[in-house]
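# Structure at a glance
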Amino acid sequence: MASKIAPPEKIGFIGLGNMGGPMARRLAGAGYKLAVFDASKEAAEKFAADTPCETPATLADLARDCRVVVTMLPDGYIVRNVLLGEHGVASALAKDSILIDMSSSSPVGTRETAAELAKLGFPLIDAPVSGGVRKAIDGTLAIMAGGDAALIEDCRDLLSTMGKVFVAGGVGCGHAMKSLNNFLSASNLATAAEAVIAGQRFGLDPKVMIEILNASTGKNSATEGKYPVFILTRTFNSGFFMGLMAKDLRLALELAESTGSPSKLLSDTKDLWEAAEEKYGFKSDSVEVVRFLEELADSDG
Ligand code: NAD
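Residues numbered from 1 in each chain as written. Predicted model: local features only at pLDDT ≥ 70, side-chain atom pairs only at ≥ 80, totals over all residues. Heavy atoms only, no water.

## Side note on the overall build of the protein chain
Defined as follows: Secondary structure counts use DSSP, requiring at least four H or I residues in a row for a helix and at least two E residues in a row for a strand, with both numbered from the N terminus. Using C-alpha atoms as the atom set, the radius of gyration is obtained and then compared with a globule rule of 2.2 Å times the number of residues to the power 0.38. Buried, partly exposed and exposed residues are distinguished by accessible area as a fraction of the type maximum, computed with a 1.4 Å probe on protein chains only: under 20%, between the cut-offs, and over 50%, respectively. Note on contacts: a residue pair is in contact if any heavy atoms of the two residues lie within 4.5 Å. In summary, the charge assignment counts Lys and Arg as positive and Asp and Glu as negative, without counting His or the chain termini. Charged side chains are reduced to one point each, which is NZ for Lys, CZ for Arg, CG for Asp and CD for Glu.
If you tally the helices and strands in the protein chain, you get 14 helices and 8 strands. Its C-alpha radius of gyration of 20 Å places the protein chain within 12% of the 19 Å reference for a compact globule of 301 residues. Dimensions of the protein chain along its principal axes, counting C-alpha atoms only, are 65 × 45 × 35 Å. When each of the 301 residues of the protein chain is scored for burial, the buried share is 50%. For the protein chain, long-range pairs separated by at least 24 residues make up 66% of all intrachain contacts whose partners lie at least 6 apart in sequence. A gap of 4 Å separates the mean positions of the 30 positive and 38 negative side-chain charges of the protein chain.

This is the structure in structure tokens:
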């Protein structure tokens, strides 16, 4: 049985992108030692320029002397490859080490990955996050953890440096929760955008609409958060790639279909993000789906 993870334990952190970078900085700020790795040399160098850490040359070098390894990568296929691939993390990890996948990975795939890791003697916690780049910087993410309850408790302090920890259930439940959350987050934005575009074309001012909606029953996470910050300002810079949201919606649909659940709205929402991704590219910002709908309205006359 592992014991409580506390500073100055050395943590291996893999994936230093928009989210992983600030999350790993929270760990350094809390007194954990860090060994970091990113497929992009530039990302690793940028991180190491302002945060004390080791930058091992390979995944195996990172794994060799870390008891806990965190992944914050684009998707579960990449996570699986990083953990279980040739010369991957599991090839060099010490007995009793803990793996924590904070990426938004497939809940179904995570159960398979966890089963393979368990055969090698490594427990996996899935602990994806919600809140975006700003909350990653502030350490106020919502963290939805799945896995062995005692192990999550051992890692609670570590996870708490990055946000508020919720125990979602057994392994895979964190990833299930995250994909379903992003379905709601995306559909909130899509419905708000359809309402605002219709209102605007009727002659309403979008700023006034958002103010009224936020004092009324129609408010949602998009009218309260994304509209005022990223859309009314026309900055469209939430820091979350369109392609990553499209992936999350595919994962939620996979989950709904595997459980025989109703999924018409989910399917429509996924189609919308995939169409916007096709038009603007994987690395366009997820909130640019509003621009996509505006252009669609204009082209329809
Ligand atoms: P990102 O693309 O900015 O970062 C991913 C990082 O992983 C990049 O630096 C990339 O170089 C690295 N990487 C890719 N393949 C690798 C490999 N094989 N080995 C090592 N490094 C590799 O993405 P992000 O926005 O930081 O998102 C990371 C995860 O968090 C995704 O699963 C995403 O869905 C989820 N997420 C993102 C947000 C957000 O607002 N950006 C919010 C919540 C959850």
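## Structural notes on the site of the ligand
Selection rule: Whether a residue is near a molecule or strand depends on its heavy atoms: it is near if one of them lies within 4 Å of it. Distance and chemistry together define a polar contact, namely a pair of N or O atoms within 3.5 Å, with one atom able to donate a hydrogen and the other to accept it when in protein, and with adjacent residues in sequence counting only for side-chain atoms on both sides. Exposure was quantified through the Shrake-Rupley algorithm and a 1.4 Å probe, taking into account, for residues, occlusion by the shown protein chains and nothing else. For this scheme, ten residues count as nonpolar: Ala, Val, Leu, Ile, Met, Phe, Trp, Tyr, Cys and Pro. Four count as charged, namely Asp, Glu, Lys and Arg, and the remainder, Gly too, count as polar. These domain limits were set by an automatic method or by a database of domain assignments.
Looking at the ligand, there are 26 residues lining it, with N18, M19, D38, L73 and K247 nearest. Interatomic distance of 2.9 Å between a backbone N/O atom of N18 and an oxygen atom of the ligand. At 3.0 Å from an oxygen atom of the ligand is found a main-chain nitrogen or oxygen belonging to P74. Burial of the ligand by the protein chains amounts to 86% of its free accessible area of 830 Å². Counting only elements with at least two residues in the shell around the ligand, the list comes to α4 (76-84) and α12 (242-258). Classifying every residue of the shell around the ligand by side-chain character gives 14 nonpolar, 9 polar and 3 charged. When residues of the shell around the ligand are sorted by domain, at least three fall in each of domain 1 (10-169) and domain 2 (177-300).

## Quick notes on the nonpolar core
Convention followed: For our purposes a nonpolar core is just a set of buried Ala, Val, Leu, Ile, Met, Phe, Trp, Tyr and Cys residues, chained together by side-chain atoms within 4.5 Å.
Counting residues in each nonpolar core, the largest one holds 34 residues, and the members touching the most others are F13, M23, I100, M102, L158 and L159. Among the elements that line this core, the one with the most residues is helix α1 (residues 20-29), at 4 residues. For L158, the contacting residues outside a window of four places in its chain are I5, I11, L27, Y32, V68 and I100.

## Topic: the packing of aromatic side chains
How we decide: We call Phe, Tyr and Trp rings a pair once their centres come within 6.5 Å, taking the six-membered ring for Trp, and we label the pair stacked below 30 degrees between planes, edge-to-face above 60, and tilted otherwise.
Taken as a whole and judged by the stated rule, the model has 2 aromatic pairs. Residues F241 and F282 carry aromatic rings whose centres are separated by 6.1 Å and whose planes lie at 55° to one another, so their mutual orientation is tilted. Of this pair, F241 sits in the loop between α11 (221-231) and α12 while F282 sits in the loop between α13 (264-280) and α14 (289-299); the two residues are 41 residues apart in sequence, bridging distant segments of the chain. Its relative accessible area of 23% is what places F241 among the partly exposed residues.

## A look at the packing of helix α9 (residues 173-202) against α12
Think of two packed helices as two axes; the pair is described by the angle between the axes and how far apart they sit. The condition is simple: Where helices are involved, their axes are fitted lines through C-alpha atoms of the stretch in contact, as for all axes, and angles between N-to-C directions lie from 0 to 180°. In this scheme, a crossing is called left-handed if the near helix is turned counterclockwise away from the far one by less than a right angle; it is called right-handed if the turn is clockwise.
Orientation of α9 relative to α12, taken along the N-to-C sense of each, is 115°, at an axis distance of 8 Å. In this structure, the crossing between α9 and α12 has a hand that is left-handed. Two secondary-structure elements touch here, α9 through A176, K178, S179, L180, N182, F183, S185 and A186 and α12 through M245, D248, L249, L251, A252 and L255. In terms of residue class, the contact of α9 with α12 is made up of 9 nonpolar, 3 polar and 2 charged.

## Describing the side chain of K247
Residue placement: K247 occurs in helix α12. A relative accessible area of 12% means that K247 is categorised as buried. Polar side-chain contacts of K247 include one of 2.8 Å to the backbone oxygen of P74. K247 has contacts with P74, D75 and S104, leaving out every residue within four places of it along the chain.

## Notes on α12
Helical geometry: 3.6 residues make up each α-helical turn, so side chains three or four residues apart lie on a common side. Condition: Multiplying 1.5 Å by the residue count of a helix minus one yields the expected span of that helix.
Taking 1.5 Å per residue, 17 residues should reach 24 Å; α12 reaches 24 Å between its end C-alpha atoms and fits that length. With respect to burial, α12 is a largely interior element, 13 of its 17 residues being buried. G260 sits one or two residues past α12 and shows a positive phi near 65°.

## Side note on the packing of α9 against α11
Using the following cut-off: The labels follow the angle: roughly parallel below 35 degrees, roughly antiparallel above 145, roughly perpendicular from 65 to 115, and oblique for the rest.
Interaxial distance between α9 and α11 falls to 9 Å at its minimum, and their mutual angle equals 70°. Compared by their axis directions, α9 and α11 come out roughly perpendicular. Contact residues: S185, N188, L189, A192, A193 and V196 in α9; S221, A222, T223, K226, Y227 and I231 in α11.

## Digging into the pattern of salt bridges
Defined as follows: Should a side-chain nitrogen of Lys or Arg be within 4 Å of a carboxyl oxygen of Asp or Glu, the pair is scored as a salt bridge.
Tallied over the full model, the rule gives 19 salt bridges. A salt bridge links R250 to E274, with the shortest nitrogen-to-oxygen separation between them at 2.7 Å. With R250 in helix α12 and E274 in helix α13, this residue pair connects regions lying 24 residues apart in the sequence. A relative accessible area of 37% places R250 in the partly exposed class.

## Observations regarding the domain arrangement of the protein chain
Selection criterion: Joining two parts hides part of their accessible area as seen by a 1.4 Å probe, and the buried area is that hidden amount summed over both.
What the domain assignment lists for the protein chain is domain 1 (10-169) and domain 2 (177-300). The straight-line distance from the C-alpha centre of domain 1 to that of domain 2 is 28 Å. Residue-level contacts link 14 residues of domain 1 with 14 residues of domain 2. Summing both sides of the interface, domain 1 and domain 2 together bury roughly 1,100 Å²; the carbon and sulfur share of this comes to 62%.

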